[in-house]
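Listed below, chain by chain, are the residues.
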Amino acid sequence: MTPRRFDLVSLTTLAFVFSLALGAVAVAAVALAWTILNTTGVFSDLQQFAARTPGLDTMDVYDVVGLDRVLVVAAMSAAAGLVLVPAAAFLCGAGYNAISRRIGAPLA
């Protein structure tokens, strides 16, 4: 059984809900990964390395990879996906419908 036509509203809604869930999971995963890296001391090791490196001795690692900055980037990526994924699903569905109409597939 193969689809002959896609309902574009349903397809776009499904893609929106999927990207919303995926964005929430991605932000939570980034927060968890940052917490694990901070707890294991990776960022403090990077800070010590930067202190020993000429030219980086005044740099604070937490200014670059602080939790607030990392979560903002993850949330912005999720928001971009919230727009781009449904748009791509709509375009793919419209293209599929146009091609199936062009080749003469019977209506479902």
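Data block above holds the structure.
As a starting point, this report considers the structure included with it.

Cut-offs used in this document
Residues numbered from 1 in each chain as written. Predicted model: local features only at pLDDT ≥ 70, side-chain atom pairs only at ≥ 80, totals over all residues. Heavy atoms only, no water. Phe/Tyr/Trp six-rings, centres within 6.5 Å; stacked < 30°, edge-to-face > 60°. Helix = DSSP H or I, 4+ residues; strand = E, 2+ residues; numbered from the N terminus. Buried < 20%, exposed > 50% of the residue type's maximum accessible area, 1.4 Å probe, protein only. Contact = heavy atoms within 4.5 Å. Expected span 1.5 Å × (residues − 1). Polar contact = N/O pair within 3.5 Å; in protein donor to acceptor, adjacent residues only side chain to side chain.

**Notes on the packing of aromatic side chains**
One pass over the full model with this rule turns up three aromatic pairs. Ring centres of W34 and F43 lie 5.5 Å apart, and the angle between their planes is 35°; this geometry places the pair in the tilted category. A connected cluster of aromatic rings, assembled from ring pairs, spans W34, F43 and Y62.

**Notes on the side chain of N97**
Inspection of the secondary structure puts N97 in helix α4 (residues 67-102). We classify N97 as buried; its relative accessible area is 7%. Those residues in contact with N97 that sit more than four places away from it in its chain are R5, F6 and L8.

**Description of helix α1 (residues 8-39)**
The terminal C-alpha atoms of α1 lie 46 Å apart, and with 32 residues this matches the ideal 46 Å at 1.5 Å per residue to within 8%. Elements in contact with the buried residues of α1: α2 (42-52), α3 (61-65) and α4. Two residues or fewer past α1, G41 is found with a positive phi of approximately 90°.

**Notes on the environment of S44**
Within the secondary structure, S44 is located in helix α2. A residue is classified by how much of its surface remains accessible, and S44, at 34% relative accessible area, is partly exposed. Along the chain, S44 and G55 lie eleven residues apart, while their C-alpha atoms are 18 Å from each other. Within the structure, S44 has its side chain in polar contact with the backbone oxygen of G41 (distance 2.9 Å).

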